Amino acid sequence: MDLFNQGDLFSTNEVRKTEFDLPGADVTLFENFFSLEESNRLFNNLLKNTPWQQEQITIHGKNADYPRLTAWYGDVSKDIQYTEYEK
């Protein structure tokens, strides 16, 4: 899959840095950091080698799929749980 093979009239190979002023977060976007070939290789590697899962959440007593696939990574010795807030 060539996710990044989309033509753009204004694209260049120049690396562009954009910093976003967001409360509580430091976010910097580096456009064109990887070449088209490297971007596609990295994307396909993640797609192929990541253990994606379809998680579910209970809403009003019914199970529903999350709208995206997820992959969890972390310290396996830690017990991490979601808690649901109910009034």
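This structure is a prediction, so every number in the text was calculated from the model and none was measured. (Residues numbered from 1 in each chain as written. Predicted model: local features only at pLDDT ≥ 70, side-chain atom pairs only at ≥ 80, totals over all residues. Heavy atoms only, no water.)

## Focus: a nonpolar patch on the surface
A cluster of nonpolar side chains, Val15, Phe30, Phe33 and Phe34, forms an exposed patch at the surface whose accessible area comes to about 410 Å². With respect to the helices, strands and loops of the structure, Phe30 is situated in strand S2 (residues 25–31). (Patch = residues over 30% accessible without salt bridge, like charges linked within 9 Å, V, L, I, M, F, W, Y side chains within 5 Å. Areas by Shrake-Rupley, 256 points an atom, 1.4 Å probe, with all protein chains shown as cover. Salt bridge = Lys/Arg side-chain N within 4 Å of Asp/Glu carboxyl O. Helix = DSSP H or I, 4+ residues; strand = E, 2+ residues; numbered from the N terminus.)

## Observations concerning the pattern of salt bridges
Applying the stated criterion to the full structure yields three salt bridges. One salt bridge in this structure joins Arg16 and Glu31, with 3.0 Å as the shortest N-O distance. Taken as a pair, Arg16 in strand S1 (residues 16–22) and Glu31 in strand S2 lie far apart in primary sequence, 15 residues in all. Given the relative accessible area of 32%, Arg16 is considered partly exposed. Residue Arg41 pairs with Glu38 through a salt bridge whose shortest N-O separation is 2.8 Å. Residue Arg41 and its partner Glu38 are both found in helix H1 (residues 36–49); the two are separated by three residues, about one turn of the helix. Looking at Arg41, the relative accessible area reads 45%, which means it is partly exposed. Judged by its relative accessible area of 26%, Glu38 falls in the partly exposed class. (Buried < 20%, exposed > 50% of the residue type's maximum accessible area, 1.4 Å probe, protein only.)

## Considerations on the confidence of the model for the chain
Chain-level pLDDT for the chain is 83 on average; 78% of the residues reach the 70-or-more range. Put simply, strand S3 (residues 56–59) is where the chain has its lowest mean pLDDT, 90, and strand S4 (residues 62–65) is where it has its highest, 94. (pLDDT = per-residue confidence, 0-100.)

## A word on the packing of aromatic side chains
This structure, assessed with the given rule, holds two aromatic pairs. Relative to Phe34, the ring of Phe33 lies with its centre 5.1 Å away and its plane at 90°, an arrangement referred to as edge-to-face. Its relative accessible area of 53% is what places Phe33 among the exposed residues. Aromatic rings pair up to connect Phe30, Phe33 and Phe34 into one cluster. (Phe/Tyr/Trp six-rings, centres within 6.5 Å; stacked < 30°, edge-to-face > 60°.)

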